[in-house]
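Analysis of the macromolecular model
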Amino acid sequence: MKPLWTVLALTTALTLPSIAAAREVTLTTTLREYRGENAFLALYMTDASGAYVGSLWLAASKARWYDSLSDWYRATGGSYAEVSGITGASVGAGRTLTVTLDLADALIDAGYQIHIDTAVEHLYSSPSEIVVPLTSEGAGTPVAGRAIIDSFTYSM
Amino acid sequence: MSRILHRWAALPLALVLSLVAISGAWLSLLPLNVAGAGDSSLDLGQFAAQVVAAVPATEQIRRTPAGQVTAVSFDPAVGMVETVIDQASGAALGPVAETPFATWVLDLHRALFLGDAGRIVVIVASLAMVALVVSGLALAARRMGGWRAIFLPVRGGAASGRWHLMIARLGAPALVLSSLTALWMAGATFGIVPEGTMPPEMTPVSGTTGMRLDAMSALAGVPVTDLLQLQFPRAGDANAIYTLETTAGIGYIDQGTGALLGWADRSLTDRIMDTVHLLHTGEGAALLGLLLGLSVLAMPLLSGTGIAVWLAGRSRKPKLKNTAAEEAETIVLVGSEGGTTWEFARALQAAITAAGGTVHLAPMSDFEPARYRAARRVVVMAASYGDGDAPASAKGFLDRVGQMPKPPAAPLAVLGFGDRAFPKFCAYAEAVARAAEAAGWHMLMPMDYIDAQAQAPFKTWVGRLADAMGVSLDLHAPASHEEMVTLQLISRRDFGAQSQAPTSILRFQLPRISLMDRLRKRGFARFAAGDLLGVLPVGDSRLRYYSLASGMQDGFVEICVRKQPGGLCSGQLTSLNPGDQVRALLRPNPGFHAAEGPEPLILIGAGAGVGPLAGFARANRQKRPIHLYFGTRSAEGEMLFGSELTEWRAEGRLASLTTAFSRSQPRTYVQDALRQDGARVASLIAQGARVMICGGRDMALGVAEAFDEILAPMNLNPVLLKAEGRYVEDIF
């Protein structure tokens, strides 16, 4: 999948004071070879207490299935405003989703966590299948999922 | 309008709709067989505890609307594992069986394997399905003579049309329901139909863990059958919660206290979707689903019969060369709905052309009196549709007659076509005649009627038209050569050789049938006893018609021919030897078919008229009660089909055989035999029997008188029976 460029500017926590205070981060998510339809993924961030701060990417072709991404849905109410401009197609089994975006420096090494909710129609959903802190140190280290994500890595 | 919409919505979508319907019918079987479905005495807390005991790594318990419960767990080696759970006990029944075929069928059903593009095609087809049912019902109401008559028995017309209507009436409710629910669900898939329940507000978590599921107050008393999904908290995260979704709503449960942290009732849109889903899939109401699934199988049948109707209609479209309206002496205007009246009009056109006249043939809707400058007469041949409505090709005719400043100089002849089985027989043609009279249009001859496409009255009418025109018209000249085939005689049986009325049963080999005829089921590709064989004698251009005594299934073409003194065609036919050939064509005569049904048949025939009746008995494999009254001259040498009739009587193909001999002592005719049998005949009629008569005009009159007497005590008569389609005559 080709890299997708985006600037997060929707929520207070992620708002960039200036582009200079941001860093380019690439999120790479590879799915397992499961049997079933394409998966929906919600990539978003929480603070250290687990409270939602903003969405990074939503891979779900149809709004109909937003609620099966249940942690993300619980935090956002499935609001389209949360993901306007940062949505893309659902992802097939064995495929890799790569998202590149500019993240504010203030989010890095500050206890913020990247969450990924996943769901497959007619199969199952896995809220917060990935929960990983966003740290300089953790960059480049693959993390295994507990449902359909084979590995998740972020690099900066 | 309805017809055009119906046809052009149906043709391109027949295949798509048939695929969707067949796959849907198959899918409707699935909810009948769900592993582990059954009643449970456990509440959701106890049940979930049993599931966790059986599958310790459970992260999610799900229940489909069809009643299958599964536990989802994670195995680092293979990924997610889904285990079927027995709904009654919570015990594990083994991994979920893979159903690649069901998945394949579902993909075909929803998207024709084409993803979103396919989904859109299916959506358009579903919309078209609704349009088809609505326009189809409008057509049916027109055909049947009103919305109230729409569920009356279907009579008349070609078999494909009758079946189309009968299947449609059965299948329409399920087709509409399935289409509308499909559109609703597709609307949700594409985000047009709102869906989803807003998540509830949540009070803070306790931060503790380890509460047993069967001790949780939030799960106590919740029926297992209400469950949609129970999502377990992420292991090792004390802030995570249980998320419970049931048919009642969505709630969050604290993993340490088991208390409800928030609750939202299921939204109205989700409840509507639950009902729509239930109605469309039968998941949760398997028998209803099966009923709907079977009903939508009407769709492929409707496609087939609909295409047959369309092909039959196409082959009836006008195709002769036409004189321009300004130059023709005779203007023939046709008001026809399905196209049968065009056949009569073309026959008339060809006959007038053959007699040296010029004809302009046009639909009544093209009526333009100002253009008819050379016209000496205007002939209107008009069918009625349903409740006396204007047929499709006559739209606007009456208005234009009413608006004429002065009537055309050329006088008018009106011939109405209809079927006495319908309530307003020939009502439209009558309206035409009245309007013409009101406009002061001079009539060439009085208006006349043709009932049920009968050939003989049409011939008579053409004779009168010829007299009025001062010419001689040869109605059967028009046989187009492409319809003619060569028939080879296989065998002949002769009767009454010594009498003045020698009669032969001639049996011909089935001709070769072209692929096109086979596909369109026309010509010799499909015929039954009672249809007509048009024979072209050598040295003449006029066809002579004989009723067929055999059907396609008998594997031969058989007719009875009585040698007429000086008769050209009958003389040639009765002198044929096996191996000799004749030129002939097939003319369907649906008005004189032994329509299927359990009710008894009373067949009455004299002389060669026994031919089609014998054919009905021969085809009577299902042994419906057929009572044959056969009049002939004597028992010696004049019993047509004698040995077969005895045989069929023994086999039960004939329930009874009554003969009347007009040259034996005492002389009896079939009408005498009927009178003697009056009580039985009356009781058969009371059972719903249908009467079919074949023979000469005098015999038919005598038989009608006999029936008048027999039926009088029942307040019935042949005319009333005719109106019900229960008294039909084939007279020569």
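The rules behind each value
- Residues numbered from 1 in each chain as written.
- Chains lettered and ligands numbered in written order.
- Predicted model: local features only at pLDDT ≥ 70, side-chain atom pairs only at ≥ 80, totals over all residues.
- Helix = DSSP H or I, 4+ residues; strand = E, 2+ residues; numbered from the N terminus.
- Buried ≥ 20, exposed ≤ 12 C-beta atoms within 10 Å, placed from the backbone.
- Contact = placed C-beta atoms within 7 Å.
- pLDDT = per-residue confidence, 0-100.
- Expected span 1.5 Å × (residues − 1).
- Axes fitted to C-alpha atoms, helices over the stretch in contact; angles between N-to-C directions.
- Left-handed = near helix turned anticlockwise from the far one by under 90°.
- Nonpolar A, V, L, I, M, F, W, Y, C, P; charged D, E, K, R; others polar.

Here we take up the overall build of chain B. A tally of regular secondary structure across chain B gives 21 helices and 24 strands. Evaluated residue by residue, chain B yields a buried proportion of 41% over its 732 residues. The contacts in chain B between residues at least 6 apart in sequence include a share of 73% that link residues at least 24 apart.

Summary statistics for chain B give a mean pLDDT of 86 and a share of 95% for residues scoring 70 or more. On the interface metric, ipTM, the complex scores 0.79, and its pTM is 0.56.

Here we come to helix α10 (residues 340-354) of chain B. The α-helix winds at 3.6 residues per turn, so residues separated by three or four positions along the chain end up facing the same way. All names here are of chain B. Between the first and last C-alpha of α10 there are 22 Å, a value that for 15 residues agrees with the 21 Å anticipated at 1.5 Å per step. Burial analysis of α10 places 11 of its 15 residues in the buried class, which makes it a mostly covered element. Of all the positions in α10, only Thr341, Trp342, Phe344, Ala345, Arg346, Ala347, Leu348, Gln349, Ala350, Ala351 and Ile352 are classed as buried. Residues of α10 that are buried make contact with β9 (330-335), β10 (359-363), β11 (377-383), β12 (412-418) and α13 (455-469). At the exit of α10 stands Gly356, carrying a positive phi of roughly 95°.

Here we come to the packing of helix α1 (residues 2-10) of chain B against helix α5 (residues 115-144) of chain B. Residues and elements named next belong to chain B. Axis separation between α1 and α5 bottoms out at 9 Å; the angle between their running directions is 145°. α5 is crossed by α1, and the crossing has left-handed handedness. Judged by residue contacts, Ser2, Arg3, Leu5, His6, Ala9 and Ala10 of α1 engage Ala128, Ala131, Leu132, Ser135, Gly136, Ala138 and Leu139 from α5. Among the residues forming the contact of α1 with α5, the class breakdown is 8 nonpolar, 4 polar and 1 charged.

Residue and element names in this part refer to chain B. Its location among the elements puts Thr281 in helix α7 (residues 268-281). Judged by the 25 C-beta atoms lying within 10 Å of it, Thr281 falls in the buried class. Beyond its immediate stretch of four places on either side in the chain, Thr281 contacts Pro31 and Gly289.

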